[in-house]
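Coordinate inspection notes
Below are the chains, spelled out letter by letter.
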Amino acid sequence: DGGITQSPKYLFRKEGQNVTLSCEQNLNHDAMYWYRQDPGQGLRLIYYSQIVNDFQKGDIAEGYSVSREKKESFPLTVTSAQKNPTAFYLCASRTGTGSEKLFFGSGTQLSVL
Amino acid sequence: QKEVEQDPGPLSVPEGAIVSLNCTYSNSAFQYFMWYRQYSRKGPELLMYTYSSGNKEDGRFTAQVDKSSKYISLFIRDSQPSDSATYLCAMTLSGGYNKLIFGAGTRLAVHP
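Below, the structure is looked at part by part. (Residues numbered from 1 in each chain as written. Chains lettered and ligands numbered in written order. Predicted model: local features only at pLDDT ≥ 70, side-chain atom pairs only at ≥ 80, totals over all residues. Heavy atoms only, no water.)

1. A short note on the packing of aromatic side chains
Taken as a whole, this structure holds 13 aromatic pairs over all chains when the rule is applied. Taking 6.2 Å as the distance between ring centres and 75 degrees as the angle between the ring planes, the aromatic pair formed by F104 of chain A and F102 of chain B counts as edge-to-face. You can see F104 of chain A sitting in strand 10 (residues 103-104) and its partner F102 of chain B sitting in strand 10 (residues 101-102), one on each of two chains. Given the relative accessible area of 7%, F102 of chain B is considered buried. With a centroid separation of 6.1 Å and 25 degrees between ring planes, the pair formed by Y32 of chain B and Y49 of chain B is classed as stacked. (Phe/Tyr/Trp six-rings, centres within 6.5 Å; stacked < 30°, edge-to-face > 60°. Helix = DSSP H or I, 4+ residues; strand = E, 2+ residues; numbered from the N terminus. Buried < 20%, exposed > 50% of the residue type's maximum accessible area, 1.4 Å probe, protein only.)

Below, the structure written as structure tokens:
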């Protein structure tokens, strides 16, 4: 089955700690995205990558970092500089061939201890 | 003012009702319009995708775009308890692949 796998489903961060959220896709999609979802707000773009070894900041990149070493993988690190990290994080991908359609993973809920 | 406004609900309807979900937007250059369905603590799934104005139908779902009014709608006919979810509208410019703007979502509850 093709799809996007996010792990873990739930994650807890201690004060001053960096944590990494995993996102893997087997859809052979070129573009990958990280969104943050807070209650009562629309999805907000954190980072996106259109090709391997290249990525761009979205609207709320401060306190986050990413890498794109393989086409299939786009991990997101929430650093200690992100002071309000509690949110539902969604990874998405897109074919990259002129389509606006996004396909999402099942999400990771990050909470602060 | 937000670029995309969506009534958060919750909207509660009896099974079998016709449901109307709506979004308004401010950017007249938006060309591509989408509706996503999101079950609790799951990722959104694409329901409907339309380009420019007009209607699109898929089973019990109909998407309408009125660009002159900057208003889009999703209609659900014969609503079922399994339709209970949050519905997100999303839109972007032509070529705006990396600038999809989402509404905050409307929570829908269909009760038996």
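There is more to say, and it comes next.
2. Notes on the state of the cysteines
Residue and element names in this part refer to chain A. For the structure on display, the rule yields 2 disulfides over all chains. Here C23 connects covalently by a disulfide to C91, the sulfurs 1.9 Å from one another. In this structure, the disulfide formed by C23 and C91 twists by about -70 degrees around the S-S bond and is classed as left-handed. Taken together, the residues C23 in strand 3 (residues 19-25) and C91 in strand 9 (residues 87-94) connect sequence positions 68 residues apart. No difference in accessibility class separates C23 from C91, as the two residues are buried. (Disulfide = S-S within 2.5 Å.)

3. Considering the interface of chain A and chain B
Accessible area lost on assembly of the parts is the figure often given for the size of an interface. Listed by partner, the interface residues are 24 residues for chain A and 21 residues for chain B. Between chain A and chain B the total buried area reaches about 1900 Å² when both faces are included, carbon and sulfur atoms providing 55% of it. Summed over the shared surface of chain A and chain B, the result is 1 salt bridge. A salt bridge links K99 of chain B to D59 of chain A; its shortest N-O distance comes to 3.3 Å. Of all the secondary structure elements, the ones that give two or more residues to the side of chain A that touches chain B are strand 4 (31-37), strand 5 (44-51) and strand 9 of chain A. Looking at the side of chain A that touches chain B residue by residue, the class counts come to 9 nonpolar, 10 polar and 5 charged. (Contact = heavy atoms within 4.5 Å. Buried area = accessible area lost by both parts, 1.4 Å probe. Salt bridge = Lys/Arg side-chain N within 4 Å of Asp/Glu carboxyl O. Nonpolar A, V, L, I, M, F, W, Y, C, P; charged D, E, K, R; others polar.)

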